[in-house]
Amino acid sequence: MTRQRPAPARLGPSDVLRTGAAGLRTRPARVVLSALGIAIGIATMIAVLGISSSSREQLLRQLDRLGTNLLTVAPGQTMFGEEAKLPVEALGMVRRIGPVRTASATGTVDTTIRRTDRIPEAVTGGIAVQAATADLLTTLEGRVVTGAWLNAATEARPAVVLGAKAAMRLGISRTGVQVWMGERWFTVVGVLGPMPLAPEIERSALVGFPAAEKYLAFDGHPTTVYERSAEESVEAVRAVLPRTVNPENPEEVTVSRPSDALAARAAAASAFTNLLLGLGAVALLVGGVGVANTMVISVLERRKEIGLRRSLGATRGQVRLQFLAESLLLSALGGIAGAVLGGLATAGYALSRDWPPVVPAWAFAGAVGATLVIGTLAGLYPAMRAARLPPTVALATT
């Protein structure tokens, strides 16, 4: 009568987790240091994705708020390569286009603005002087943060409104201050807020068209016409603007949509994101190597434990499963810590910039997937090595 060999006991999921966690609790310092590598990699990747998504969301919200129906008309070049000019009546012709809701213009004035007449004329601080129509602020949907915008009374007087950056460079934050322009004093009557769709206005000092012609020898030719129309009519208006503004030479007219620049910024951010994601992947790889190193050393240090378990009936598969579970738990610990740190870093940075904190849900799912892959790869070789260890050799190890 042959005696049947008893079947080995099976390990349930809870047994595997408990056994794996017990192995990690015996070396807490090494576990923390190994998990830190995984955490840094995951935190870097989530923070990069989160900050990039938050920035993109801010730009998209800004586009929604400012609208994409603003078009600008500017002079191009003549067939001889010279700079063309828009006709004096260009603004009036644009306003006659049916779908156009509002239109305004600015014209570059050949002079400088300085705090006093003692400052050399060459020191301009990068500030342009432009003539502006009274409805410019309405077209650009801008706002005045200090003082008032040009009106029927001030647009014909030596009064100037400063863009946000122009005011900063001149060191002016209040109205009533006098500045030197065109060999005479002009009074600052207003300071504008930021204008993302018209950054050239932020760097300009603006006077009325009548005042520019009277005091600054302005020739009356606009250099930029701003136009807003209904969203559904933008492309149609864009197609007829060159021939409307300059019927004789429409090829000398350039039409652009400022919102395209913000959209391009949102798209360009992905290239930088990919670079930083590569750095995060390198950190994650280094963390995986650290986990693998920890597990290999664990196998070497725990040979007697492995031999004893094998002698008591544990199969190779059960030993392999134990060490693989330890590796997965170690990686999961680092992954969870990294996800939390990455989310906090994203929220902190976004709130400091007044952005909406956004972390894509797939980023967290990717973090979980990455930790499982890293844990499996890092623990596979040590687990197989532990399973192949003969019980007699393991017990004889000193």
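In what follows, the accompanying structure is described.

Rules used throughout
- Starting from 1, residues in each chain are numbered consecutively following that chain's sequence as written.
- Since the coordinates come from a predicted model, pLDDT governs what is reported: local features require at least 70, and pairs of side-chain atoms require 80 or more to be given and counted, while whole-chain, interface and lining totals use all residues.
- Remark: hydrogens and water are excluded; side-chain values derive from all non-hydrogen atoms of the structure.
- To qualify as a nonpolar core, a set must consist of buried Ala, Val, Leu, Ile, Met, Phe, Trp, Tyr and Cys residues joined through side-chain atoms within 4.5 Å.
- Three labels apply to residues, based on accessible area from a 1.4 Å probe with only protein chains included: buried if under 20% of the type maximum, exposed if over 50%, partly exposed otherwise in between.
- By the criteria applied, helices consist of DSSP H or I runs no shorter than four residues and strands consist of E runs no shorter than two, each listed in order from the N terminus.
- Any two residues having at least one pair of non-hydrogen atoms within 4.5 Å are treated as being in contact.
- Each patch is built from residues that are more than 30% exposed by relative accessible area and take part in no salt bridge. Like charges join if they lie within 9 Å; nonpolar side chains (Val, Leu, Ile, Met, Phe, Trp, Tyr) join within 5 Å.
- Note on areas: Shrake-Rupley with a 1.4 Å probe; residue coverage comes only from the protein chains shown.
- Any carboxyl oxygen of Asp or Glu that lies within 4 Å of a side-chain nitrogen of Lys or Arg is treated as forming a salt bridge with it.
- Expected span of a helix, by definition, is 1.5 Å for each gap between consecutive residues, and there is one gap fewer than residues.
- The angle between axes fitted to the seven-residue stretch ending at a residue and the seven-residue stretch beginning at it gives the bend at that residue.
- The aromatic pairing rule takes the rings of Phe, Tyr and Trp, using the six-membered ring of Trp, and pairs them if the centres are within 6.5 Å, calling planes under 30 degrees apart stacked, those over 60 edge-to-face and the rest tilted.
- Pairing between strands is defined by DSSP: at least two bridges between them are needed.

Note on soluble globular proteins: their nonpolar side chains tend to be buried together. Counting residues in each nonpolar core, the largest one holds 25 residues, and the members touching the most others are Ile 113, Val 160, Leu 162, Val 179, Met 181, Phe 186 and Leu 216. Listed by contribution, the elements that provide at least two residues to this core are strand 4 (128–132), strand 6 (159–162), helix 5 (164–170), strand 7 (178–181), strand 8 (184–192), strand 9 (204–208) and helix 7 (209–215). It is helix 7 that contributes the most residues to this core, 4 residues altogether. Those residues within four positions of Leu 216 in sequence are excluded, and the remaining contacts are Val 109, Thr 111, Val 129, Met 181, Gly 182, Phe 186, Val 207 and Ala 211. Judged by nonpolar contacts, the second largest core, of 18 residues, contains Ile 38, Phe 323, Ile 374 and Ala 386.

On to a nonpolar patch on the surface. A surface patch of nonpolar side chains, about 300 Å² in accessible area, is lined by Leu 33, Leu 36 and Ile 40. Inspection of the secondary structure puts Leu 33 in helix 2 (residues 28–66).

Overall, the coordinates contain 5 salt bridges when judged by the stated rule. A salt bridge links Asp 219 to Lys 85, with the shortest nitrogen-to-oxygen separation between them at 2.9 Å. Taken together, the residues span a long stretch of sequence, with Asp 219 in the loop between helix 7 and strand 10 (224–229) and Lys 85 in the loop between strand 1 (70–75) and helix 3 (90–95) at a distance of 134 residues. Its salt-bridge partner being Lys 165, residue Glu 202 comes within 3.9 Å of it at the nearest N-O pair. Note that Glu 202 is positioned in helix 6 (residues 199–202) and Lys 165 in helix 5, a separation of 37 residues in sequence. Given the relative accessible area of 9%, Glu 202 is considered buried.

Relative to the 40 Å expected for 28 residues at 1.5 Å per residue, helix 12 (residues 361–388) spans 41 Å between its end C-alpha atoms, a close match to the ideal helical length. At Leu 380, helix 12 shows its largest kink, close to 40°, and the proline Pro 382 lies no more than four residues downstream.

Aromatic ring pairs are described here by two measures, namely the spacing of the ring centres and the angle between the planes. If you walk through the whole model with that rule in mind, you get 4 aromatic pairs. With a centroid separation of 5.0 Å and 75° between ring planes, the pair formed by Trp 180 and Trp 185 is classed as edge-to-face. For Trp 180, a relative accessible area of 12% puts it in the buried group. Look at Phe 209 and Phe 218: their rings are 5.3 Å apart centre to centre, the planes differ by 80°, and that puts the pair in the edge-to-face class. With respect to class, Phe 209 is no different from Phe 218; both count as buried.

Another aspect to go through is the pairing of strand 10. Counting buried positions along strand 10 yields 6 of 6 residues, so the element is predominantly enclosed. The side-chain alternation of strand 10 yields two buried faces, one formed by Thr 224, Tyr 226 and Arg 228 and the other by Val 225, Glu 227 and Ser 229. Pairing of strand 1 with strand 10, which is carried by 4 bridges, proceeds in the antiparallel orientation. Counterpart to Leu 70 in the pairing with strand 10 is Arg 228.

This brings us to helix 11 (residues 316–352). Between its terminal C-alpha atoms helix 11 stretches 54 Å, which fits the 54 Å expected from 37 residues at 1.5 Å a residue. The first or second residue beyond helix 11 is Asp 354, which carries a positive phi of 60°.

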